[in-house]
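Coordinate inspection notes
Each chain, letter by letter, is given below.
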Amino acid sequence: MSIEVRHVTKRFGGFVASDDVSFVAPEGQVTSLLGPSGSGKSTLLRVIAGLEPPDAGEVYITGSDATWVRAQDRGVGFVFQHYALFRHMTVAENVGFGLVVRKQKRSEVRARVAELLRLVQLDGLADRYPAQLSGGQRQRVALARALAPRPRVLLLDEPFGALDARVREELRAWLRKLHDEVHMTTLLVTHDQEEAMELSDRVVVMNRGKIEQVGSPDDIYDQPATPFVAEFIGSTNRLEVKLDGDRASVEGHRVDLPPGVLQRDGSGESVAWYVRPHEVELRLVSGRGAIPSDVVRIMRLGWVVKLELRLPSGRVVLVQQTREQVDELGLAPGDLVYLALRGAKAFPAAYSI
Amino acid sequence: MRRPLGTRAPLLAVRGAALAYLLAFVALPVAALAREGFRGGAAKFVAALASDQARAALGLTLKVALAMAAVNAVMGTWIAYVLVRRPFPGRAVVDALVDLPFAIPTLVTGVMLVALYGPQSTLGALAGASGLRLMYAPPGIVIALLFVTLPFVVRAVQPVLLELDVGQEEAALTLGASPWTAFRRVLLPPLVPAITSGTLLSFARALGEFGAIVVVSGNIPGRTLTAAVLVYGEIESGRPQVAAAVSTALLSFAFALIVTVDWLQRRARHAVL
């Protein structure tokens, strides 16, 4: 019951929404298509659902070629960002729609609708109209409606995008739980990395119609394959490192190359170095590999403290420490502090975006 | 209802002027007509309406208006659907074309139609050869009315269609509905109030149409003479009694339709929200 996309290209006029994209969403897992708006992820989902024809490439659902199968015959469940509930139908009529158009028996429709309303915890609301429901409830109706005809795969297009933060988090946890119960192959489109990380077994990071990286949430966070992924997933600082033989320097201060950073010959070459805010160590005294900086701002967010530090060049670096670490150093805005960079990820500067 | 504070006194003037205008230009003429119709008492009013000529004219008017309304309901919805949901090159031009019938003097419409479908034209001759008389016959009146009232349904349905999320139709498709089922069960129900109000408006307009009909119908009493043309003829021949009675009948009918349309439009607005 997997979804396989092979070399799919889709253009809208001169705009290439999907550029020779291939990936697999494995059976029974939640796969996310993660990327900024305009990266082509929604287009890809619509191609898979049969709502847009691809200009080239194939879509396989459950191993069979579905590229030219009509949307109504594909057996996919699709949940839209703005719910797309039928406003003139009750909740029960909405959920039962996919069964009624398939000419199922009335008693069967009624039983299946009741079963799904229980599953999405909306038992008592069968006779309400969509306008009488909250956003979170509407989205659960949309989910029940998509699941009712027992689709082979479930496609979710920014399903929580129109909801406020608290409801979004609740629904996310609930959806993950639901998936653990029904184990349906699910493809989720989102621009929210937290959503992708929390819900998926596998993340496909997209940018400008192309795939940047495919991997587990940990993979793409710890081992970003491209500068785009490094910058898009989690927050990060981008520093320029000058290489001179085996010596490396940031803003004129010699630093140690962390393991895994590509060693290059030749002088004057530079690489882009991505350092996550928590991968920085702060010291009060200078030392090998330490870069001086001024404390600009300290934001105390409970256990976590965020600091804005200004390097001599004026570049601002965002650092995250625990409250203990900051209190131990006794830092205040205007203080001088030394940074040591740990566990950075480097890319040749020419590769930068 | 909210309004800015401290505007009470000017408000009376604002409201008063608008109401006085409506009274002077709409309500008074209507009242004058009704008074004229009942001048000789109710019995004479009924007698005037019951005359063969008046009955035939009113009957014909209702018949052609009904035929027009039925075609308009379907084609107007169809055109609105194509304009909103099936974009094509040149859509802007076609969209503007829809309003053209409102801008053309209806007499000119009549002349155009006679030129196109009249017995002397190729099309008219072709139709005539197969036994169908277009001009100077009821079909010609329906054609003229269709031309004149084209914008009503299109323009009533279009904004509602624009408001409706395409996602609903796509959701229906992914749930296994054919495009036709999706149209019928998902798109059409929310459009019904708009289609109905557009159709009724065009119907009301058709009841009173004069210019286009007077050219294409031939105005044969008892056969192709519509109510509005009859009214004109009666006034010209110095018989205002029949004219006033028929006019009053047309007017009451139109008024009832407008009230219905207004009610439907309120409902349609609710459906969209």
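Before going into details, it helps to say that this report is about the structure given with it. Numbering of residues begins from 1 in every chain and follows the order in which that chain's sequence is written. Both sets of labels track the order of writing: A upward for chains, 1 upward for ligands. Thresholds applied to this predicted model are a pLDDT of at least 70 for local features of residues and 80 or more for the giving and counting of side-chain atom pairs; totals over whole chains, interfaces and linings are not thresholded and use all residues. Where side-chain values are given, they derive from all heavy atoms of the structure, hydrogens and water being excluded.

Moving on: the overall build of chain A. When helices and strands are counted, chain A shows nine helices and 20 strands. Seen through its C-alpha atoms, chain A measures out along the principal axes to roughly 80 × 45 × 35 Å. Here chain A holds 353 residues, and 48% of them are scored as buried. Residue burial considers only the protein chains on display, and all accessible areas are found by Shrake-Rupley using a 1.4 Å probe. For chain A, the exposed surface amounts to about 16200 Å²; the carbon and sulfur share of it is 47%. Where helices and strands are cited, they refer to DSSP runs of H or I of at least four residues and of E of at least two residues respectively, numbered from the N terminus. Here's how the labels work: a residue is buried when its accessible area is under 20% of the maximum for its type, exposed when over 50%, partly exposed in between, all with a 1.4 Å probe on protein chains only.

All names here are of chain A. The strand order across the open sheet formed by four strands is β2-β1-β4-β5, and the pairing between neighbours is antiparallel. In this open sheet, the two edge strands, each paired with only one partner strand, are β2 (15–25) and β5 (64–65). Summarising the sheet, strand β4 (residues 56–61) and β5 pair through two bridges and their orientation is antiparallel. Within β5, the residue paired with I61 across the bridge is S64. Here, strands pair whenever DSSP counts at least two bridges between them.

Among buried residues, the Ala, Val, Leu, Ile, Met, Phe, Trp, Tyr and Cys ones that are joined through side-chain atoms within 4.5 Å form a nonpolar core. Core analysis: the largest hydrophobic core is formed by 38 residues, its most contacted members being F23(A), I48(A), F97(A), L155(A) and L187(A). Among the elements that line this core, the one with the most residues is helix α1 (residues 41–49) of chain A, at five residues. Excluding residues that lie within four positions of it along the chain, F97(A) makes contacts with F86(A), M89(A), A172(B), L175(B), A177(B), R185(B) and V186(B). V79(A), V91(A), V141(A) and L156(A) belong to the second largest nonpolar core, which has 33 residues in total. Any two residues having at least one pair of non-hydrogen atoms within 4.5 Å are treated as being in contact.

Residue and element names in this part refer to chain A. In the sheet, strand β16 (residues 291–301) pairs with strand β19 (residues 336–341) via four bridges, with the strands oriented antiparallel. Bridge assignment links P292 to a residue of β19, and that residue is Y338. By the bridge criterion, seven bridges tie β16 to strand β17 (residues 304–310) in an arrangement that is antiparallel. Bridge pairing in β17 places L301 opposite V304. Adjacent in sequence and paired antiparallel, β16 and β17 are bridged by two residues, among which G302 carries a positive phi angle near 70°.

Turning our eyes to something else, we now look at the layout of surface pockets. Residues and elements named next belong to chain B. Of the voids in this model, the largest pocket is the one considered here, and its volume is about 630 Å³. As for the largest pocket, its lining consists of 24 residues, and the residues nearest its centre are Y81, R86, E169, P179 and F183. For the lining of the largest pocket, the secondary structure elements donating two or more residues are α3 (52–85), α8 (166–174) and α9 (179–208). Classifying every residue of the lining of the largest pocket by side-chain character gives 15 nonpolar, three polar and six charged. With a 1 Å grid spanning the protein atoms alone, the term cavity applies to any set of points in which a 1.4 Å probe fits but cannot get out, the term pocket to an open set with protein on both sides within 12 Å along at least five of seven lines, and the term lining residue to any residue with an atom within 4 Å of a point. Lining the second largest pocket, in full, are V26, V30, L33, A204, L207, G208, S247, L250, L251, A254, F255 and I258. Grid points are joined across faces, edges and corners, and a volume is the space filled by probe spheres set on the points. Residue polarity is assigned by list, with Asp, Glu, Lys and Arg as charged and Ala, Val, Leu, Ile, Met, Phe, Trp, Tyr, Cys and Pro as nonpolar; anything else, Gly included, falls into the polar class.

For the rest of this paragraph, the subject is the pattern of salt bridges. All names here are of chain A. The rule for a salt bridge is simple: a side-chain nitrogen of Lys or Arg has to be within 4 Å of a carboxyl oxygen of Asp or Glu. In this structure the tally under the stated criterion is 26 salt bridges over all chains. The closest approach of N and O atoms between K210 and D19, which form a salt bridge, is 3.2 Å. Of this pair, K210 sits in strand β10 (residues 210–215) while D19 sits in strand β2, and the two are 191 residues apart along the sequence. Take K210: its relative accessible area is 44%, and that puts it in the partly exposed class. For D19, a relative accessible area of 27% puts it in the partly exposed group. Overlapping salt bridges, with partners in common, bring together R172, D192, E194 and E198 in one network.

To continue, consider the packing of aromatic side chains. Note on aromatic contacts: the rings of Phe and Tyr and the six-membered ring of Trp form a pair at centre separations within 6.5 Å, being stacked when their planes are under 30 degrees apart, edge-to-face when over 60 apart, and tilted otherwise. In total, this model carries ten aromatic pairs over all chains according to the counting rule given. Through pairs of rings, three or more aromatic residues link up here, namely Y81(B), W180(B) and F183(B). Criterion for a charge above a ring: Arg CZ or Lys NZ at most 6 Å from the ring centre, at most 35 degrees from the ring normal. Seen from the ring of W174(A), R140(A) lies directly overhead, with NZ or CZ sitting 6.0 Å from the centre. When the ring centre of F86(A) is taken as origin, the NZ or CZ atom of R145(A), which lies over that ring, is 4.5 Å away.

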